[in-house]
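# Structural overview for review
Now for the letters of each chain:
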Amino acid sequence: AKDQGKNNFRVFVSNMRQAADQRMFLQNELNRALEAGELTLHYQPQVRIQDAAVTGVEALVRWNHPVKGLIPPNQFIPHAEESGLIVPIGEWVLRTACKQNKAWQDQGLPPARIAVNLSARQLLKKDAVQIVESALQESGLSPEYLELEITEGTMLDVQRSIEALEKLKKLGIHIAMDDFGTGFSSLSYLTSFPVDKLKIDQSFIRGAADHPNNKTIIATIISMARHLKLKVIAEGVETQEQLLFLKEQACDEVQGYLFSRPLPAEEMERYLRGCARG
Ligand code: C2E
Ligand code: CA
Ligand code: CA
Ligand code: CA
C-alpha cells in the first residue's frame, strides 16, 4: 500500500509537472507570438435594428500561428488571463483597434465605434486609464468612437472597477457590459456601474427558439435596460427569426453571423464601404 501511495504521488507529480510545463510552453509561445507580430484582429459589425446602420465594429483577436494557422481566442485567451499576458496582449489589441478605426475614418467611411474587449485584469491595473488615453492620443481617434466591453469579472473589485470606469467615462468613452446575464452579481451592481450598454449573451439568443424561458429573459433584460436608460445589443444573432423577435422587443442593436462573421481588416473595410453606398 505504501509503495502504491508513493507511485501515485510520482504519477501525481509527473502530471503536475506536465501541466506546469504545458503552461510554461504556451506562455513562452504567446509571448513570442506577441513580439513576432503573430496576433491579428478580425472585426464584426454591430448593426442598429431600426435603420440597419453599422454603429460599431467589435475587434476580436486571433493568433496567426506559423504552423498551426489561425487559432481562435478561446484556445489562448484563458491562458493569457491566467498568466497575466492578457495585459500586454490587450494593450496591443486596444492600440491596434484604435488605429484601425481612425484609418477607416480617414478613408471617409461612415464613422462607427470600435468595440474592444477589456479583461478585468487590464481594468484593475493602476495605469489602465493612462493606457487607454495614450491609445487614443497615439491613434488620433476621438474617444466617442471607442467602446470598451467589460465583463462581470470586473466585479471582483467593485470599488476599483467603478473608479476606473468613471475616469474612462469622463474621457468620453462608452462602456458596454459584455455577456450580460451569465454572471451572478449583475443586477445589484448595475445601477452603480457606469455602463452605457448591455450586451445580451449569445447563449440566450441561441436558445430562444427552443426554450421559451430564454425569450422571457431577453425581453426582461431589454425592458430593464430601457428603464435604466441603457442601450441593449444582442450578440450571436444568426437567424431572421431571432432578428424579428429582437425587433419586436425594441432591442437597439444586433451582432452576429446573420450580418457578418468577424472579418480581417481589408474585408471589413469592403463591408463598410458597401454599407456606405447602401
Ligand atoms: P465575446 O467577446 O463574447 O465575442 C463574441 C464571440 O462570438 C466571438 O468569438 C464571435 O466571433 C462570436 N460570434 C459572433 N457572432 C456569432 C454568431 O452569430 N454565432 C456564433 N455562434 N458566434 C458568434 P471569438 O472571436 O472566437 O471570441 C471568443 C471570445 O474571446 C470573446 O467572446 C472574448 O471573450 C474573447 N476575446 C476575443 N478577443 C479578445 C480580446 O482582444 N481581449 C479579450 N480580453 N478577450 C477577447
Ligand atoms: Ca465582446
Ligand atoms: Ca459577448
Ligand atoms: Ca463570450
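That block above? That's the structure.
What this report covers is the structure whose coordinates are included nearby. This is a predicted model, so every value here is computed, not measured.

## Comments concerning the coordination of the calcium ion (ligand 4)
Each protein donor to the calcium ion (ligand 4) is listed here as Asp179 (OD) and Asp179 (OD); together their distances run 2.8 to 3.0 Å. Between the calcium ion (ligand 4) and the calcium ion (ligand 3), the interatomic distance is 3.5 Å, and Asp179 donates to each metal, bridging them. Note on placement: Asp179 falls in strand E6 (residues 174-180).

## Observations concerning helix H3 (residues 86-106)
For H3, built from 21 residues, the straight-helix expectation of 30 Å at 1.5 Å per residue is met to within 8% by its first-to-last C-alpha distance of 30 Å. Trailing H3 by a residue or two, Gly108 shows a phi angle of about 90 degrees, which is positive.

## What about the packing of helix H5 (residues 128-139) against helix H6 (residues 158-171)?
Axis separation between H5 and H6 bottoms out at 9 Å; the angle between their running directions is 20 degrees. One way to sum up the angle between H5 and H6 is to call them roughly parallel. The crossing of H5 and H6 is right-handed. Of the residues in H6, those in contact with Val129, Val132 and Glu133 of H5 are Ala164, Lys167, Leu168 and Leu171. Of the residues belonging to the contact of H5 with H6, the class tally is five nonpolar, no polar and two charged.

## Section: empty space enclosed by the protein
Empty space left among the atoms is revealed by rolling a probe the size of a water molecule over them. One pass over the structure, following the stated rule, counts three cavities of 30 Å³ or more. Secondary-structure elements contributing two or more residues to the lining of the largest cavity are H3 and H5. Looking at side-chain class alone, the lining of the largest cavity contains six nonpolar, one polar and three charged residues. In this structure, the second largest cavity encloses a volume near 60 Å³. Considering the residues around the second largest cavity, the lining is formed by Arg23, Leu26, Gln27, Leu30, His79, Glu82 and Ser83.

## Quick look at the pattern of salt bridges
According to the stated counting rule, one finds 15 salt bridges in the structure shown. Measuring nitrogen to oxygen at the nearest pair gives 3.3 Å for the salt bridge that ties Arg95 to Glu138. With Arg95 in helix H3 and Glu138 in helix H5, the pair connects residues that are 43 residues apart, well separated along the chain. Overall, the relative accessible area of 43% leaves Glu138 in the partly exposed class.

## Side note on the packing of aromatic side chains
On inspection of all chains with the given rule, the structure shows two aromatic pairs. Aromatic side chains Tyr43 and Trp104 sit 5.0 Å apart centroid to centroid with 75 degrees between the ring planes, which places their arrangement in the edge-to-face category. Separated by 61 residues along the polypeptide, Tyr43 in strand E1 (residues 39-48) and Trp104 in helix H3 bring together distant segments of the chain. Residue classification places Tyr43 among the buried positions, given a relative accessible area of 1%. Aromatic side chains Trp63 and Phe76 sit 5.7 Å apart centroid to centroid with 85 degrees between the ring planes, which places their arrangement in the edge-to-face category. Of the two residues, Trp63 sits in strand E2 (residues 54-65) while Phe76 sits in the loop between strand E3 (69-71) and helix H2 (77-83), which places them 13 residues apart along the sequence. Residues Trp63 and Phe76 agree in their burial class; the two are buried. A cation over a ring is seen here: Lys215 above Phe245, with NZ or CZ 5.0 Å from the ring centre. Across from the ring centre of Tyr257, 3.9 Å away, lies the NZ or CZ of Arg261, which sits over that ring.

## Considering the coordination of the calcium ion (ligand 2)
Around the calcium ion (ligand 2), the protein supplies Glu58 (OE), Asn117 (OD1), Glu149 (OE) and Asp178 (OD) as donor atoms, at distances of 2.1 to 2.3 Å. Sequence positions of the residues that donate to the calcium ion (ligand 2) give the spacing E-x58-N-x31-E-x28-D. Distance-wise, the calcium ion (ligand 3) is placed 4.1 Å from the calcium ion (ligand 2), both being coordinated by Asp178. In this pair, Glu149 sits in strand E5 (residues 146-150) while Asp178 sits in strand E6, placing the two residues 29 residues apart along the sequence. A relative accessible area of 6% means that Asp178 is categorised as buried.

Rules of the game
- Residues numbered from 1 in each chain as written.
- Chains lettered and ligands numbered in written order.
- Predicted model: local features only at pLDDT ≥ 70, side-chain atom pairs only at ≥ 80, totals over all residues.
- Heavy atoms only, no water.
- Donors = N, O, S within 2.8 Å, 3.2 Å for Na, K, Ca; no water.
- Helix = DSSP H or I, 4+ residues; strand = E, 2+ residues; numbered from the N terminus.
- Expected span 1.5 Å × (residues − 1).
- Axes fitted to C-alpha atoms, helices over the stretch in contact; angles between N-to-C directions.
- Parallel < 35°, antiparallel > 145°, perpendicular 65-115°, else oblique.
- Left-handed = near helix turned anticlockwise from the far one by under 90°.
- Contact = heavy atoms within 4.5 Å.
- Nonpolar A, V, L, I, M, F, W, Y, C, P; charged D, E, K, R; others polar.
- 1 Å grid on protein atoms, 1.4 Å probe; cavity = no way out; pocket = protein on both sides within 12 Å on 5 of 7 lines; lining within 4 Å.
- Points joined across faces, edges and corners; volume = space filled by probe spheres on them.
- Salt bridge = Lys/Arg side-chain N within 4 Å of Asp/Glu carboxyl O.
- Buried < 20%, exposed > 50% of the residue type's maximum accessible area, 1.4 Å probe, protein only.
- Phe/Tyr/Trp six-rings, centres within 6.5 Å; stacked < 30°, edge-to-face > 60°.
- Lys NZ or Arg CZ within 6 Å of the ring centre and 35° of its normal.

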